[in-house]
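Now for the letters of each chain:
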Amino acid sequence: MRSLGHRAAALPVACLLASGLLAGCAAAPRQKPLRTTAVDTGGESTAAVRKQLEGAWSLVSFTVFDAAGAPKTVQATGRLTYDAYGNLELSGALPDAAAAGAGANALAMKGRAVVDAGGKRIVLADVSGNVAPDALPTTMSPDKVRHYSFEGDTLSLETRDGARVLARTVWKKAQ
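Residues numbered from 1 in each chain as written. Predicted model: local features only at pLDDT ≥ 70, side-chain atom pairs only at ≥ 80, totals over all residues. Heavy atoms only, no water.

Q: Is there a simple way to explain the environment of Arg 79 in this structure?
A: With respect to the helices and strands, the residue Arg 79 is situated in strand β3 (residues 77-82). Between the alpha carbons of Arg 79 and Trp 171 there is a distance of 8.4 Å; along the sequence they are 92 residues apart. Residues contacting Arg 79, with those up to four places away along its chain left out, are Ala 56, Trp 57, Ser 58, Glu 89, Leu 90, Ser 91, Trp 171 and Ala 174. (Helix = DSSP H or I, 4+ residues; strand = E, 2+ residues; numbered from the N terminus. Contact = heavy atoms within 4.5 Å.)

Rendered as structure tokens:
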């Protein structure tokens, strides 16, 4: 009987020792943290460009260029909206769609705008809306990369074929 009492006393003591050992172990990461650099937020960084794009923009001008590079101004109205999450929404109208090389006179599309600050480019992704091939001038189709530049509260977007400019839209920041 004596050994049974000894076992009964040993079990709580063993549990206390085990819990003390487990509680004394500090958690540690399994891997060392990665060494990284600070996120660039300077004037030419992706974060800065996205912040500059953020908001509503009104179309000032729409110009298409022929094969020889001669510009032709197209009558158009439009509004571009870009939010903090990279979502872009574009609506507009081309009263004389034939002048721009389009088969339709209205435009309504939305999607994501991926900014490449190093190349000063914007790539549209996940585009939906009025984006049928005959709904837009071929020079402005959603699959074209847009090259951007800022001058004060003005944004210029160009589509290019190599070095040749196909179309240019100029936007003014809406107040």
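Q: Is there a simple way to explain the environment of Thr 169 in this structure?
A: As for its placement among the helices and strands, Thr 169 is situated in strand β9 (residues 164-173). We classify Thr 169 as buried; its relative accessible area is 5%. Note: C-alpha distance between Thr 169 and Arg 146 (23 residues apart in sequence) is 9.9 Å. There is a polar contact of 2.9 Å between the side chain of Thr 169 and the side chain of Trp 171. (Buried < 20%, exposed > 50% of the residue type's maximum accessible area, 1.4 Å probe, protein only. Polar contact = N/O pair within 3.5 Å; in protein donor to acceptor, adjacent residues only side chain to side chain.)

Q: I keep staring at the packing of aromatic side chains and nothing clicks. Help me out?
A: How two aromatic rings sit relative to each other is given by the distance of their centres and the angle of their planes. A complete count under the given rule lists two aromatic pairs for this structure. Arranged with centres 6.3 Å apart and planes meeting at 40°, the rings of Trp 57 and Phe 150 form a pair that is tilted. Taken together, the positions of Trp 57 in strand β1 (residues 55-65) and Phe 150 in strand β7 (residues 146-151) put the pair 93 residues apart, joining distant regions of the chain. Centre to centre, the rings of Tyr 148 and Phe 150 are 5.7 Å apart; their planes meet at 55°, and the pair counts as tilted. Of the aromatic side chains, those joined through ring pairs into one cluster are Trp 57, Tyr 148 and Phe 150. (Phe/Tyr/Trp six-rings, centres within 6.5 Å; stacked < 30°, edge-to-face > 60°.)

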